[in-house]
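# Per-entry structural report
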Amino acid sequence: MIQLSPRGGAVYRLLSLLVGLIALYGLGALLGASFVLLGNPLADHVAESTIRALTNRAFDLALLSGLVAAGLLMAGGAMSSRGSRWLSRGWIALALGSLLATPLVDDLMLSIALAIGLLLVALLLKPTGLAERGIQRVWRLGMSLAALSLTLPHLIDSVSAAAFRAFQLQVAFAFAMLSIVYWLFGCFSRVEPDWARDSLRTCSILLLLGGGLVYAGRLGLSASIALVAGTVVLLCFVVIASHWVRAISRRNENATLSPHWLALATLLLLVNGLLGALSIQPGIQAAMRGNELMAAQDWLAGCGLLCVLLALGNQAASDLRGDNRRITGYIPFWLCGFGAALAAIFQAGRGLLQHYLRAADTAELLLPLSALWIGCLFAFTAGLLIYALGYLVRLPRIRILAD
């Protein structure tokens, strides 16, 4: 049994929600991909659109729940015990309610409700000490961008959904995750506080610039501008990765797997930058439309964000328990890492064949790649489920101390 303050109990409830949503997302991604197989029995019982809507909702809610949990951790004692308790309960109710209502309620209404909830959380959590105010400013701006990205696709019809998905993953959600990354650096890295503060400022600007150019490439750029923009995108992500590698390599006595998950996120960030630089070229962008190449790029970017959340789950749970040890093992780390990377490769291979074959029915021709893709997704989902089971098995009995 461990004893926690009401704020610690609130954070633990949010972390449990986060882990559950991530596991649900993995299952949804696997079930959604199974529709590419011929004779899938699942197609007789549930619509593919329903599975994909629930999967996308679980992914968004996992990211947003991680941001709310991180905000509570950053706020520290500035948030009252009663306020922490009601904030966590309110967000959990909103998240679970929106997930259950996804097949029944208009997506615009749910997105507006989540956006309002995010903005309220950002207003309620006040800044704390001077050392963390820079991180909290990035967190607040990220929450605002995330709220904006939830509602704008429904209010503006002139821009494609694929372009707005790039804005969510490459700009809004990525910028918000940056605050979690640098909060984690403060937990396990020996880098100097002044360097971390300057690095956060630099990486924030570069991420907005690089991610914004990837989003602009989805909207369409001329060949000459795209060539320059591609170089800028690649440089932005390389510099960000170099900053993260320095912080990760200077590790203190921390025994959690949080640095490992952030190292994987850094690798995925680099690959995402390379793909982003290539994808904004007009010819490549045109070839990516109408097939799964664009989905593979978004998948890789989303997996990088999930790695940051999995790092947060390890570090925050260890801090709350006060035992400085691994919360989950290496098996989910390797399964998720190789599963995510290979799934992106095979999905991109499917996209290439779809582009070049241009046949009316390519399901049979793509069957070998489809089987490999689903096999990799199975490994990725197994990693997430083992992560969740490890978290639950080590879940201690919690005694909330009186205010």
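Below or above, wherever it landed, is the structure these notes cover. (Residues numbered from 1 in each chain as written. Predicted model: local features only at pLDDT ≥ 70, side-chain atom pairs only at ≥ 80, totals over all residues. Heavy atoms only, no water.)

## Quick notes on the overall build of the chain
Worth spelling out the cut-off: Secondary structure elements are taken from DSSP: a helix is a run of H or I of four residues or more, a strand is a run of E of two residues or more, and numbering for both begins at the N terminus. As a reference, a globule follows 2.2 Å times the number of residues to the power 0.38, and the radius of gyration itself is taken over C-alpha atoms. Throughout this description, buried means an accessible area under 20% of the type-specific maximum (1.4 Å probe, protein chains only), exposed means over 50%, and partly exposed covers the range between. Residue contacts are defined here by distance: any two heavy atoms, one from each residue, within 4.5 Å place the two residues in contact. Reported accessibility uses the Shrake-Rupley method at a 1.4 Å probe radius. Residues are deemed covered only where the shown protein chains occlude them. His is not counted here, nor are the chain ends, while Lys and Arg score as positive and Asp and Glu score as negative. Think of each charge as sitting on NZ of Lys, CZ of Arg, CG of Asp or CD of Glu.
Within the chain, the regular secondary structure consists of 13 helices and 2 strands. The globule rule puts the C-alpha radius of gyration for 403 residues at 22 Å, and the 21 Å found for the chain is close to it. Over its C-alpha atoms, taken along the principal directions, the chain stretches across nearly 65 × 50 × 40 Å. Relative to its 403 residues, the chain shows a buried fraction of 55%. Partitioning the intrachain contacts of the chain with sequence separation of at least 6 by distance along the chain shows that 83% fall at a separation of at least 24. For the chain, the accessible area works out to roughly 17,000 Å², and carbon and sulfur atoms hold 68% of it. Charge centroids of the chain, computed over 28 positive and 18 negative side chains, lie 10 Å from each other.

## Some points on the layout of surface pockets
Defined as follows: Site definitions follow a grid-based scheme: protein atoms alone, a 1 Å grid, a 1.4 Å probe that fits but cannot get out for cavities, and for pockets an open set with protein on both sides within 12 Å along at least five of seven lines, plus lining residues having an atom within 4 Å of a point. Grid points are joined across faces, edges and corners, and a volume is the space filled by probe spheres set on the points.
By volume, the largest pocket is sized at about 1,200 Å³. Taken together, 41 residues make up the lining of the largest pocket; nearest its centre are Arg 52, Thr 55, Asn 56, Arg 165 and Asp 298. Counting residues per element, the ones that place at least two in the lining of the largest pocket are α1 (6–33), α2 (48–75), α4 (107–124), α5 (130–155), α6 (161–188), α11 (293–321) and α13 (367–393). In terms of residues, the lining of the largest pocket owes the most to one element, α2, which gives 8 residues.

## Description of the nonpolar core
Note the cut-off: Nine residue types can take part in a nonpolar core, namely buried Ala, Val, Leu, Ile, Met, Phe, Trp, Tyr and Cys, and a core is a set of them joined through side-chain atoms within 4.5 Å.
Trp 261 and Trp 299 are the most contacted members of the largest nonpolar core, which has 128 residues in total. When near neighbours in sequence (up to four residues on either side) are disregarded, Trp 299 contacts Tyr 25, Ala 29, Ala 340, Ala 343, Ala 344, Gln 347, Leu 377 and Phe 380.

## Description of empty space enclosed by the protein
We apply this condition: In this classification, the charged set is Asp, Glu, Lys and Arg, the nonpolar set is Ala, Val, Leu, Ile, Met, Phe, Trp, Tyr, Cys and Pro, and all remaining amino acids, among them Gly, are polar.
Within this structure, the stated rule accounts for 2 cavities of 30 Å³ or more. By volume, the largest cavity amounts to about 200 Å³. Together, 17 residues line the largest cavity, and Ala 174, Trp 244, Leu 269, Gly 304 and Leu 305 are the ones closest to its centre. Looking at the lining of the largest cavity, the elements that each hand over two or more residues are α6, α8 (223–249), α9 (258–279) and α11. Residue composition of the lining of the largest cavity, grouped by class: 14 nonpolar, 3 polar and no charged. Of the volumes computed, that of the second largest cavity is approximately 40 Å³.

## Overview of the packing of aromatic side chains
Put simply, the rule reads: Between rings of Phe, Tyr and Trp, where Trp is taken as its six-membered ring, a pair exists when centres lie within 6.5 Å; planes separated by under 30 degrees are stacked, by over 60 edge-to-face, and by other angles tilted. Whether a charge lies above a ring is judged from NZ of Lys or CZ of Arg, which has to be within 6 Å of the ring centre and within 35 degrees of the ring normal.
Counted by the stated rule, this structure contains 11 aromatic pairs. A centroid spacing of 5.2 Å and a plane angle of 50° characterise the contact between Tyr 25 and Phe 59, whose relative ring orientation is tilted. Taken as a pair, Tyr 25 in helix α1 and Phe 59 in helix α2 lie far apart in primary sequence, 34 residues in all. In terms of burial, Tyr 25 and Phe 59 fall into one category: buried. Measuring from centroid to centroid gives 6.0 Å for Trp 261 and Tyr 387, while their planes differ by 80°, and the two rings are edge-to-face. Residue Trp 261 is located in helix α9, and its partner Tyr 387 is located in helix α13; the two are separated by 126 residues in the primary sequence. Given a relative accessible area of 0%, Trp 261 falls into the buried group. Members of the aromatic cluster, joined through ring pairs, are Trp 261, Phe 333, Trp 334, Phe 338 and Tyr 387. In this arrangement the basic side chain of Arg 89 is found over the ring face of Trp 86, its NZ or CZ atom lying 5.6 Å from the centre.

## Thoughts on α11
Residues three or four positions apart in an α-helix share a direction because the helix packs 3.6 residues into each turn. Operational definition: Helix span is expected to be 1.5 Å times the residue number reduced by one.
In this model α11 runs 43 Å from its N-terminal to its C-terminal C-alpha over 29 residues, within 8% of the 42 Å that 1.5 Å per residue would give. The buried fraction of α11 amounts to 27 of the 29 residues, a majority that puts the element mostly inside the structure. Count one or two residues on from α11 and you reach Gly 322, which has phi positive near 70°.

## Here we look at α2
Taking 1.5 Å of rise per residue, the 28 residues of α2 would be expected to cover 40 Å, and the 41 Å separating its terminal C-alpha atoms lies within 8% of that figure. Taken across its 28 residues, α2 has 21 buried, putting it largely inside the fold. Positive backbone phi, at 60°, marks Gly 76, one or two positions downstream of α2.

## Focus: the pattern of salt bridges
The condition that has to hold: We define a salt bridge as a side-chain nitrogen of Lys or Arg found within 4 Å of a carboxyl oxygen belonging to Asp or Glu.
Under the counting rule described, the total for this entry stands at 8 salt bridges. Here Glu 192 makes a salt bridge to Arg 250, at a shortest N to O gap of 3.4 Å. With Glu 192 in the loop between α6 and α7 (193–219) and Arg 250 in the loop between α8 and α9, the pair connects residues that are 58 residues apart, well separated along the chain. Overall, Arg 250 belongs to the partly exposed group, its relative accessible area being 26%. Here Asp 198 ties to Arg 201 by a salt bridge, and the two come within 3.1 Å at their closest N and O atoms. Residue Asp 198 and its partner Arg 201 are both found in helix α7; the two are separated by 3 residues, about one turn of the helix. One continuous salt-bridge network, built from bridges that share partners, spans Glu 192, Arg 246 and Arg 250.

## Examining the packing of α2 against α11
To keep it simple, the criterion reads: Whenever a helix is involved, its axis is fitted only over the stretch in contact; in every case the axis is a line through C-alpha atoms, and angles between N-to-C directions fall within 0 to 180 degrees. Relative orientations are named as follows: roughly parallel for angles under 35 degrees, roughly antiparallel for angles over 145 degrees, roughly perpendicular for angles from 65 to 115 degrees, and oblique for any other angle. Definitions for this section: a left-handed crossing has its near helix turned counterclockwise from the far helix by less than a right angle. A right-handed crossing has that turn clockwise.
Across the interface, α2 lies against α11 with an axial gap of 10 Å and an inter-helix angle of 40°. By the criterion of interaxial angle, the relationship of α2 to α11 is oblique. With respect to the hand of their crossing, α2 and α11 are arranged in left-handed fashion. Two secondary-structure elements touch here, α2 through Phe 59, Ala 62, Leu 63, Gly 66, Ala 70 and Leu 73 and α11 through Gly 302, Leu 305, Leu 306, Leu 309, Leu 312 and Ala 316. Of the residues assigned to the contact of α2 with α11, the class counts are 10 nonpolar, 2 polar and no charged.

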